[in-house]
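# Understanding the architecture of this molecule
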Amino acid sequence: MTKYTKPIWKLKKKLADCLDKDVTKILDLGAGTGLELIHLFEVYPNASVTVIDISENMLKELPKRNFANHVTTICGDFFEIDFGKNYDAVISTSALHHFKPEEKRILYKKIFDCLKSDGLFLNCDKISLSQEEQDHSIYELENNIDNYKHIDIPLTVENEISILEQVGFINISSSEVDKSNYRLIKSRKS
Ligand SMILES: C[S@@+](CC[C@H](N)C(=O)[O-])C[C@H]1O[C@@H](n2cnc3c(N)ncnc32)[C@H](O)[C@@H]1O
């Protein structure tokens, strides 16, 4: 068993521990090298995970994992790739903090549509701790001439929940993880 002592590992463990016990078909958005899948496959060795990630470089680590034959990888942009259908759960860690509210609405609707009824969306990601912080990072991004620096634009928990509700998710809850500016947001398809 892997030891999960660092905050970054604890949050990945918490994500897998929040899945429904009968979960099998999972979509992981922005899995990168697949770190969050290590614990997931310890708990759900028979899961079947589709990974979508835009970075070929990150994805090339996945075939080396001992769970590789349970994973299907698709290299492409969340906004362009067809997600498929009937997932028990969609998961994501540290991958969705680059999108403005209007982009998140499109993405979250796509996630809602690809879940089976009663399916679960678990997103563990950075958040802004205030509206001012969110507005400031979006302002910085929009004025980031020639993309000279990398700017994250996490939304506040309240704005995340509002967008999830707008696209139809219910039973939305947010919990703290060990990193103070991270939250695990859990929502269910009605
Ligand atoms: C910080 S990494 C997180 C990797 C992994 N989930 C983890 O927690 O260790 C974010 C990942 O999201 C992917 N990503 C970001 N924007 C994306 C997009 N628009 N479409 C697909 N993948 C994207 C990146 O390529 C990267 O692998």
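Just above sits the structure.
Residues numbered from 1 in each chain as written. Predicted model: local features only at pLDDT ≥ 70, side-chain atom pairs only at ≥ 80, totals over all residues. Heavy atoms only, no water.

Our next topic: the overall build of the protein chain. For the protein chain, the helix and strand inventory stands at six helices and seven strands. Its helices and strands in sequence order give the protein chain the pattern α-β-α-β-α-β-β-α-β-α-α-β-β, from N to C terminus. Relative to the compact-globule value of 16 Å for 190 residues, the protein chain shows a C-alpha radius of gyration of 16 Å, a close match. Over its C-alpha atoms, taken along the principal directions, the protein chain stretches across nearly 45 × 35 × 35 Å. Burial statistics for the protein chain: of 190 residues in total, 48% are counted as buried. The long-range fraction of contacts in the protein chain, counting pairs at least 24 apart against all pairs at least 6 apart in sequence, stands at 66%. Accessible surface, the protein chain as shown: approximately 9,500 Å² in total, 50% of it carbon and sulfur. Placing the 25 positive and 30 negative side-chain charges of the protein chain at their respective mean positions leaves the two points 6 Å apart. (Helix = DSSP H or I, 4+ residues; strand = E, 2+ residues; numbered from the N terminus. Rg over C-alpha atoms; globule rule 2.2 N^0.38 Å. Buried < 20%, exposed > 50% of the residue type's maximum accessible area, 1.4 Å probe, protein only. Contact = heavy atoms within 4.5 Å. Areas by Shrake-Rupley, 256 points an atom, 1.4 Å probe, with all protein chains shown as cover. Lys, Arg positive; Asp, Glu negative; His and termini not counted. Charge placed at Lys NZ, Arg CZ, Asp CG, Glu CD.)

Next up on the list: the pattern of salt bridges. Taken as a whole and judged by the stated rule, the model has 10 salt bridges. Residue K13 is joined to D17 by a salt bridge in which the shortest nitrogen-to-oxygen separation is 2.8 Å. Of this pair, K13 and D17 both sit in helix α1 (residues 7-17), four residues apart, roughly one helical turn. The partly exposed category is assigned to K13, whose relative accessible area is 29%. When its relative accessible area of 34% is taken as the criterion, D17 is described as partly exposed. A salt bridge links K109 to D113; the shortest N-O distance between them is 2.8 Å. Placement of the pair is K109 and D113 together in helix α4 (residues 101-114), with a separation of four residues, close to one helical turn. K109 sits in the partly exposed class, given a relative accessible area of 39%. By relative accessible area, which is 32% here, D113 ends up partly exposed. (Salt bridge = Lys/Arg side-chain N within 4 Å of Asp/Glu carboxyl O.)

Of all five residues making up strand β1 (residues 25-29), four are buried, and the element is well covered by its neighbours. Where β1 meets strand β2 (residues 48-53), five bridges bridge the pair, whose relative direction is parallel. Paired with D28 across the two strands is V51, which belongs to β2. With helix α2 (residues 35-43) bridging β1 and the parallel β2, this β-α-β connection has right-handed handedness. (Pairing = 2+ DSSP bridges. Right-handed = clockwise from strand over helix to strand, strands pointing away.)

This part covers the site of the ligand. With respect to spatial proximity, 17 residues lie near the ligand, and among them K12, G30, E36, D53 and T93 are the closest. Within the backbone of G30, one N or O atom sits 2.8 Å away from a nitrogen atom of the ligand. D77 is positioned such that a nitrogen or oxygen atom in its side chain is 3.3 Å from a nitrogen atom of the ligand. When the ligand is considered free in solution it has 600 Å² of accessible area, and contact with the protein chains removes 81% of it. Taken together, the residues of the shell around the ligand sort by class into seven nonpolar, six polar and four charged. (Near = heavy atom within 4 Å. Polar contact = N/O pair within 3.5 Å; in protein donor to acceptor, adjacent residues only side chain to side chain. Nonpolar A, V, L, I, M, F, W, Y, C, P; charged D, E, K, R; others polar.)

Okay, the layout of surface pockets next. Here the largest pocket is characterised by a volume of approximately 460 Å³. Contributing elements (two or more residues each) for the lining of the largest pocket: α1, α2 and β2. For the lining of the largest pocket, the residue count by class is 10 nonpolar, eight polar and four charged. (1 Å grid on protein atoms, 1.4 Å probe; cavity = no way out; pocket = protein on both sides within 12 Å on 5 of 7 lines; lining within 4 Å. Points joined across faces, edges and corners; volume = space filled by probe spheres on them.)

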